[in-house]
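Commentary on secondary and tertiary structure
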Amino acid sequence: MNIILLGPPGSGKGTQAKRIEQTHGIIQLSTGDMLRATTGSDTEFGRRVKAIMDSGQLVPDDIIVEMIDRRIVQPDCSRGFILDGFPRNVAQAKALDAMLAEHGLRLDHVILLDVDEAVLVDRLSGRFSCNQCGASYHDRYNRPSQHGICDGCGSTEFTRRADDRPDAVKARFEVYRKQTAPILPYYRDRGILRRVDGMAEIDAVTHEIDRILG
Ligand code: AP5
């Protein structure tokens, strides 16, 4: 099963993708996480990508498309994948269609996590994640069960993203409205777009997604 999770910044794509991985045995492919992995390296490329991400703008399509094209044919994707953060504009959606056709694959579901922008500012400003395993938490809505200790791996080191600062969040919303939202009709017209109420509690959103995935 191959699916796309769509939604504005902070709508819960990463949170839900990790849960789908566990319950459905398909792998999360987060373009944001893949890019962040490159920004740690002290290279010209890493610095360039970091500057773009920190400003809230999109990394050039050719970099992202090549990254996904290479990734979806890896053995760990053989049972399926969850695209989290890709595609992000119509050109990427078309490139995805082309690469799926080339590899004899198809899209089963496109799930939109629908959340009001006002709620998202609050979610992003309270977000932090584990330095070791990347598990995502929130100061109020999704705390580790033991204060300061990651549920996933027991690490005690956490980090906050540079692009969760208010100015970058504003830019990310703008990019979502102008470039990403126009993808919705592209999938709606093909009858594979499903909307989920992303304002609900995390467990309720998971339940709704599970109902769609069957
Ligand atoms: P990316 O990492 O993909 O960021 P994003 O799309 O902005 O999404 P987020 O990761 O911020 O949020 P999310 O929807 O995963 O929410 P989460 O589950 O964490 O991209 C970052 C950057 O990389 C881009 O700006 C761009 O520069 C670049 N990039 C990435 N892909 C690209 C592409 N395809 N093309 C070009 N550039 C690309 O949840 C947020 C918080 O809310 C958490 O604290 C969580 O615990 C909490 N929460 C989640 N669900 C709920 C709920 N139901 N109720 C209450 N709290 C909740």
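For the structure, see preceding data.
Read on for a plain summary of the structure. In this text the structure is predicted, and so the values were computed from the model without any measurement.

This brings us to the site of the ligand. Around the ligand, a shell composed of 36 residues is seen, among which Thr15, Gln57, Arg88, Arg127 and Arg172 lie nearest. Within the backbone of glycine 85, a nitrogen or oxygen atom sits 2.8 Å from a nitrogen atom of the ligand. Side-chain polar atom of asparagine 142 to an oxygen atom of the ligand: 3.2 Å apart, as the coordinates give it. Protein burial of the ligand: of its 1,000 Å² of free accessible surface, 96% is covered by the chains. Breaking the shell around the ligand down by element, the ones donating at least two residues are helix 1 (13–24), helix 2 (31–39), helix 6 (117–125) and strand 6 (136–138). Looking at the shell around the ligand, the element that brings in the most residues is helix 2, giving 4 residues.

Packing of helix 2 against helix 4 (residues 61–71) leaves a shortest axis separation of 11 Å and a crossing angle of 105 degrees. In terms of orientation, helix 2 and helix 4 fall into the roughly perpendicular class. Residues Thr31, Met34 and Leu35 of helix 2 lie in contact with helix 4, whose contacting residues are Ile64, Met67, Ile68 and Arg71.

In this section: the state of the cysteines. Two cysteines, two sulfur atoms, one covalent bond between them: this is a disulfide. Following the criterion strictly, the structure yields 0 disulfides and no others. Cysteine 130 takes part in no disulfide bond, and the closest cysteine sulfur, belonging to cysteine 153, lies 3.6 Å away. Counting only cysteine sulfurs, cysteine 133 is the nearest neighbor of cysteine 150, a cysteine outside any disulfide, at a range of 3.6 Å.

Remark: the centre distance and the inter-plane angle together describe each pair of aromatic rings, the angle taken between the planes. Counted according to the given criterion, the structure contains 4 aromatic pairs. Note on tyrosine 137 and phenylalanine 158: the rings are 5.9 Å apart at their centroids and 75 degrees apart in plane angle, and the pair reads as edge-to-face. Of the two residues, tyrosine 137 sits in strand 6 while phenylalanine 158 sits in strand 7 (residues 158–159), which places them 21 residues apart along the sequence. Put simply, the rings of Phe128, Tyr137 and Phe158 pair up and form one aromatic cluster.

With that settled, the discussion passes to helix 7 (residues 166–180). Between its first and last C-alpha atoms helix 7 spans 20 Å; for 15 residues at 1.5 Å apiece the expected length is 21 Å, and the two agree. Residues of helix 7 that are buried include every one of Ala168, Val169, Ala171, Arg172, Phe173, Val175, Tyr176 and Thr180, and no others.

Spatially, 5 strands are ordered 2-3-1-4-8 in an open sheet, and the strand pairing comes out parallel. Edge strands, defined here as strands with exactly one partner in the open sheet, are strand 2 (27–30) and strand 8 (193–197). On average, adjacent strands in this sheet sit at an angle of 25 degrees to one another, irrespective of strand direction. Bridging between strand 4 (residues 109–114) and strand 8 involves 5 bridges; their strand directions are parallel. Residue pairing across strands places leucine 112 opposite arginine 195, the latter belonging to strand 8. Relative to the sheet, helix 9 (residues 202–213) contacts strand 1 (2–6), strand 4 and strand 8, its axis offset from that of strand 4 by approximately 160 degrees.

To continue, consider the nonpolar core. Grouped burial of nonpolar side chains is what soluble globular proteins tend to show. Among the nonpolar cores identified, the biggest contains 33 residues, and Leu6, Leu96 and Tyr187 are the most heavily contacted of them. With 5 residues, the single largest contributor to this core is helix 4. In this structure tyrosine 187 touches Ile4, Leu6, Pro87, Ala93, Leu96, Leu107, Val110, Ile192 and Leu193, once residues within four positions along its chain are discounted.

Moving on, we come to the sheet that holds strand 6. With antiparallel pairing, 3 strands are arranged side by side in an open sheet as 6-5-7. Each end of this open sheet is capped by a strand with a single partner; those strands are strand 6 and strand 7. Where strand 5 (residues 127–130) and strand 7 come together, 2 bridges link them in antiparallel fashion. Counted as the bridge partner of cysteine 130 is phenylalanine 158 from strand 7.

With that settled, the discussion passes to the pattern of salt bridges. Under the criterion given, the structure shown has 21 salt bridges. Connected through shared salt-bridge partners, Arg127, Arg161, Asp163, Asp164 and Arg172 make up one network.

The next point concerns the environment of aspartate 114. Note that aspartate 114 resides in strand 4. Aspartate 114 sits in the partly exposed class, given a relative accessible area of 30%. Residues aspartate 114 and glycine 12, spaced 102 residues apart in sequence, show a C-alpha to C-alpha distance of 9.5 Å. Not counting chain neighbours up to four residues away, the residues in contact with aspartate 114 comprise Arg195, Val196, Asp197, Gly198 and Met199. At 2.7 Å, the side chain of aspartate 114 forms a polar contact with the side chain of arginine 195.

About the criteria used
Residues numbered from 1 in each chain as written. Predicted model: local features only at pLDDT ≥ 70, side-chain atom pairs only at ≥ 80, totals over all residues. Heavy atoms only, no water. Near = heavy atom within 4 Å. Polar contact = N/O pair within 3.5 Å; in protein donor to acceptor, adjacent residues only side chain to side chain. Areas by Shrake-Rupley, 256 points an atom, 1.4 Å probe, with all protein chains shown as cover. Helix = DSSP H or I, 4+ residues; strand = E, 2+ residues; numbered from the N terminus. Axes fitted to C-alpha atoms, helices over the stretch in contact; angles between N-to-C directions. Parallel < 35°, antiparallel > 145°, perpendicular 65-115°, else oblique. Contact = heavy atoms within 4.5 Å. Disulfide = S-S within 2.5 Å. Phe/Tyr/Trp six-rings, centres within 6.5 Å; stacked < 30°, edge-to-face > 60°. Expected span 1.5 Å × (residues − 1). Buried < 20%, exposed > 50% of the residue type's maximum accessible area, 1.4 Å probe, protein only. Pairing = 2+ DSSP bridges. Core = buried A, V, L, I, M, F, W, Y, C linked by side-chain atoms within 4.5 Å. Salt bridge = Lys/Arg side-chain N within 4 Å of Asp/Glu carboxyl O.

On their own, these measurements won't tell you what the molecule is for.
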